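Reading the structure
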Amino acid sequence: MVVVNTEITNPEMKEESILRPKKNLTVNMSARELCENDDLATSLTVDQYLGFTTHKMNTKFRPIRGQGQRLTALMKEFRRKCNYQETYKELISGEWSRMYFLNKDMKQKKAFQTHINRYLRMFDHLSGYEIRPCDRYSSESGGAKLVSSKSWRKGETIENLLGCIAKLTKEEERTLLESGKNDFSVMYSTRQNRPQLWLGPAAYINHDCEANCNLECNGLKTAVVKVLRDISAGEEITCYYGSSFFGEDNCHCECETCERKLSGAFKIQGSPKTEEPKMFGTKYGLRETNIRLNRLRQNGTVEKPSDKA
């Protein structure tokens with residue numbers, strides 16, 4: 001396990017000297033644009049920091065060649081200085097960026113920079129959490145988890161941890177998603193009666209049957225992370241994906257709570273069934289596969305939202 005140093009490595013640096021971008025700019029991206037931007041952003045930042053390739057929407061994605069050492073050093077430098085503008089300029093330097101941005105307009109370029117900044121916030125020493133490798137789940141390789149680097153109180157918002165939302169058309173469902181391969185961040189909105197893609201830093205939040213956080217849509221094409229109970233430094237940040245994400249009644253769930261309670265994948269034959277927790281936000285079911293999306297469309301099994309978000 002890689003333990004990340006969360007202390008400020010330059011004590012002489014004053015917080016007011018760090019120019020941070022606005023936290024939640026409204027950026028409209030299609031599902032295809034979000035997939036493309038997210039794959040590249042994670043490849044330039046998260047993957048360089050962790051040292052391996054994390055989840056990608058494009059199942060044939062290939063990282064930029066010959067840039068690994070430079071990008072890794074750049075991410076380490078960012079953690080030390082938190083210079084967003086300079087880091088972004090360095091991240092997109094190289095021949096690959098000229099080709100990537102060749103046919104993109106200013107709005108699309110700005111959307112990509114905003115998305116990069118969302119990921120850079122993960123490594124800002126004020127973020128309140130850190131990303132680490134995760135090998136808990138047998139079905140996943142190259143997994144990661146988010147761990148609190150400070151204490152959080154119930155009701156607080158983890159402001160530097162955002163999920164990004166894009167509506168999925170039927171054509172995009174057909175062309176972008178491969179069941180069991182890249183449908184890890186698809187949820188169903190009963191308010192809009194359609195599936196939506198959720199990516200961004202919050203996509204690294206893992207499931208737990210007794211989660212300590214909740215994802216809430218804020219109406220700005222993003223979702224914020226709300227703390228459901230007090231979280232101590234060193235504790236993993238988790239959300240509840242739903243009652244049947246890991247098989248019927250989550251019978252294949254490998255979360256820490258299931259391991260502790262000998263339920264889910266750890267259940268002993270003949271043991272009593274544990275009480276099912278409430279889903280986070282009755283509006284959404286996170287990471288729904290195509291099978292679940294079809295079931296929800298046909299049966300309408302998810303409650304209608306009571307909130308106005």
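Presented here is an overview of the structure given in this document. This structure is a prediction, so every number in the text was calculated from the model and none was measured. (Residues numbered from 1 in each chain as written. Predicted model: local features only at pLDDT ≥ 70, side-chain atom pairs only at ≥ 80, totals over all residues. Heavy atoms only, no water.)

What follows concerns the overall build of the protein chain. Within the protein chain, the regular secondary structure consists of nine helices and 10 strands. Here the protein chain displays about 16,100 Å² of accessible surface, and carbon together with sulfur accounts for 49% of that area. (Helix = DSSP H or I, 4+ residues; strand = E, 2+ residues; numbered from the N terminus. Areas by Shrake-Rupley, 256 points an atom, 1.4 Å probe, with all protein chains shown as cover.)

For the rest of this paragraph, the subject is the nonpolar core. One finds F112, M122, I131, L146, I158 and L161 to be the most contacted residues of the largest nonpolar core, which totals 45 residues. In this structure, L34, A166, L176 and V186 belong to the second largest nonpolar core, which totals 16 residues. (Core = buried A, V, L, I, M, F, W, Y, C linked by side-chain atoms within 4.5 Å. Buried < 20%, exposed > 50% of the residue type's maximum accessible area, 1.4 Å probe, protein only.)

Scanning all chains against the criterion turns up 14 salt bridges. Here E95 and R98 are joined by a salt bridge, their closest N and O atoms 2.7 Å apart. Taken together, the residues E95 and R98, both in helix 5 (residues 95-100) and three residues apart, mark about one turn of the helix. One salt bridge in this structure joins E178 and K181, with 3.6 Å as the shortest N-O distance. You can call E178 partly exposed: its relative accessible area is 30%. Several salt bridges converge on common partners, so that one network encompasses E77, R80 and K81. (Salt bridge = Lys/Arg side-chain N within 4 Å of Asp/Glu carboxyl O.)

Let us look at the pairing of strand 1 (residues 129-134). The buried fraction of strand 1 is high, at five of six residues. Note that strand 1 and strand 2 (residues 143-148) share six bridges and pair antiparallel. By the bridge assignment for strand 2, P133 is matched with A144. (Pairing = 2+ DSSP bridges.)

So, about the packing of aromatic side chains. Tallied over the full model, the rule gives 10 aromatic pairs. Between W96 and Y100, the aromatic rings sit 6.2 Å apart at their centres with planes inclined by 55°, giving tilted as the arrangement. Residue W96 and its partner Y100 are located together in helix 5, separated by four residues, close to a single helical turn. Take W96 and Y100: they sit in the same class, and that class is buried. Seen in terms of ring centroids, Y241 and F246 are 6.2 Å apart; in terms of plane orientation they differ by 20°. Their pairing is stacked. Neither Y241 nor F246 differs from the other in exposure class; each is buried. Ring pairing ties together the aromatic residues Y88, W96, Y100, F101 and F112, which thus form one cluster. Residue placement shows K104 over the ring face of Y100; its charged tip is 4.8 Å from the ring centre. Positioned above the aromatic ring of W152, the side-chain terminus of K150 is 4.2 Å from the ring centre. (Phe/Tyr/Trp six-rings, centres within 6.5 Å; stacked < 30°, edge-to-face > 60°. Lys NZ or Arg CZ within 6 Å of the ring centre and 35° of its normal.)

Mapping S97 onto the fold places it in helix 5. Overall, S97 belongs to the buried group, its relative accessible area being 10%.

When you tally the buried positions in strand 8 (residues 222-227), you get five out of six residues, the bulk of the element. Strand direction decides the pairing type here: strand 3 (residues 157-167) and strand 8, joined by five bridges, are antiparallel. Following the sheet pairing, L162 is matched in strand 8 by V224.

Within an α-helix, residues lying three or four positions from one another point in the same direction, as the helix has 3.6 residues per turn. Among all positions of helix 4 (residues 84-91), only Y84, T87, Y88 and L91 are buried. For helix 4, the arc enclosing every buried residue in end-on projection is 100°, short of the 170-degree limit, so these residues lie on one face. At the N-terminal boundary of helix 4, the capping side chain belongs to N83, with an oxygen 3.5 Å from the backbone nitrogen of Q85. (Arc of directions from axis to C-beta. Polar contact = N/O pair within 3.5 Å; in protein donor to acceptor, adjacent residues only side chain to side chain.)

Our next topic: the side chain of N117. Note on placement: N117 falls in helix 6 (residues 106-120). Ignoring any residue separated from it by four or fewer positions in sequence, one finds N117 in contact with P21 and Y84. (Contact = heavy atoms within 4.5 Å.)

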